[in-house]
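# Breakdown of the fold
Listed below, chain by chain, are the residues.
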Amino acid sequence: DIKHNLDPTYTAEQVAKLDLEVKYSRGIDGTEFIPGTVGLNNLKNTAYLNVIIQAITCVSDLRDYFLLPANYQNCKSLLVQRFGELLRKMWNPS
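Quantities reported herein were computed from a predicted structural model and do not represent experimental measurements.

## Structural notes on the packing of aromatic side chains
- Tallied over the entire structure, the rule returns 4 aromatic pairs.
- On the basis of an interplanar angle of 85° and a centroid distance of 5.2 Å, the ring pair of Tyr65 and Phe66 is categorised as edge-to-face.
- Residue class for Phe66 comes out buried when judged on its relative accessible area of 11%.
- Note on Phe66 and Phe83: the rings are 4.9 Å apart at their centroids and 85° apart in plane angle, and the pair reads as edge-to-face. One end of the pair, Phe66, is in helix 4 (residues 60-67); the other, Phe83, is in helix 5 (residues 78-90), and 17 residues separate them in sequence.

## A few points about a nonpolar patch on the surface
- On the surface, Leu49, Ile52, Ile56, Val59 and Leu62 cluster together into a nonpolar patch covering about 400 Å² of accessible area.
- Ranked by residue count, the leading element in the nonpolar patch is helix 3 (residues 47-57), at 3 residues.
- Position of Leu62 among the secondary structure elements: in helix 4.
- Note on Leu62: relative accessible area 37%, which makes it partly exposed.

## Concerning the environment of Leu78
- Take Leu78: it is sitting in helix 5.
- Separated by 12 residues in sequence, Leu78 and Met90 place their C-alpha atoms 18 Å apart.

## Considerations on the nonpolar core
- Listed in full, the 11 residues of the largest apolar core are Tyr10, Val15, Ile53, Phe66, Leu67, Leu68, Tyr72, Phe83, Leu87, Met90 and Trp91.
- The set of elements that each furnish at least two residues to this core consists of helix 4 and helix 5.
- Per-element tally for this core: the top contributor is helix 5, with 3 residues.

## Some points on the layout of surface pockets
- The calculated volume of the largest pocket comes to roughly 480 Å³.
- For the largest pocket, the lining is made up of 20 residues, of which Gln14, Leu18, Lys23, Pro35 and Pro93 are closest to its centre.
- With 3 residues, the single largest contributor to the lining of the largest pocket is helix 2 (residues 12-17).
- In terms of residue class, the lining of the largest pocket is built from 9 nonpolar, 6 polar and 5 charged.

Cut-offs and rules
- Residues numbered from 1 in each chain as written.
- Predicted model: local features only at pLDDT ≥ 70, side-chain atom pairs only at ≥ 80, totals over all residues.
- Heavy atoms only, no water.
- Phe/Tyr/Trp six-rings, centres within 6.5 Å; stacked < 30°, edge-to-face > 60°.
- Buried < 20%, exposed > 50% of the residue type's maximum accessible area, 1.4 Å probe, protein only.
- Helix = DSSP H or I, 4+ residues; strand = E, 2+ residues; numbered from the N terminus.
- Patch = residues over 30% accessible without salt bridge, like charges linked within 9 Å, V, L, I, M, F, W, Y side chains within 5 Å.
- Areas by Shrake-Rupley, 256 points an atom, 1.4 Å probe, with all protein chains shown as cover.
- Salt bridge = Lys/Arg side-chain N within 4 Å of Asp/Glu carboxyl O.
- Core = buried A, V, L, I, M, F, W, Y, C linked by side-chain atoms within 4.5 Å.
- 1 Å grid on protein atoms, 1.4 Å probe; cavity = no way out; pocket = protein on both sides within 12 Å on 5 of 7 lines; lining within 4 Å.
- Points joined across faces, edges and corners; volume = space filled by probe spheres on them.
- Nonpolar A, V, L, I, M, F, W, Y, C, P; charged D, E, K, R; others polar.

What is shown is where atoms sit, not what they do.
Okay, here's the thing in structure tokens:
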């Protein structure tokens with residue numbers, strides 16, 4: 001469903017299981033991947049920033065916080081909102 005891919009949502013139960021279960025997904029080209037280990041497009045000299053984003057998204061406490069938008073729904077910072085969107089898309093299994 002395209003809506004889920006554009007704005008994936010997770011339950012607290014799903015987030016709690018991320019470190020307990022490894023779930024493989026299949027990309028559009030048929031290759032298998034583990035959600036959260038997807039690459040980011042490098043736009044000119046953004047490789048260093050991409051590495052930092054990848055590292056941050058693997059910190060369990062930060063990942064779990066940003067996978068549930070209710071945790072930061074009252075925050076007005078667009079940076080926080082967009083980072084949450086990016087993280088949810090990176091961890092999307094579909």
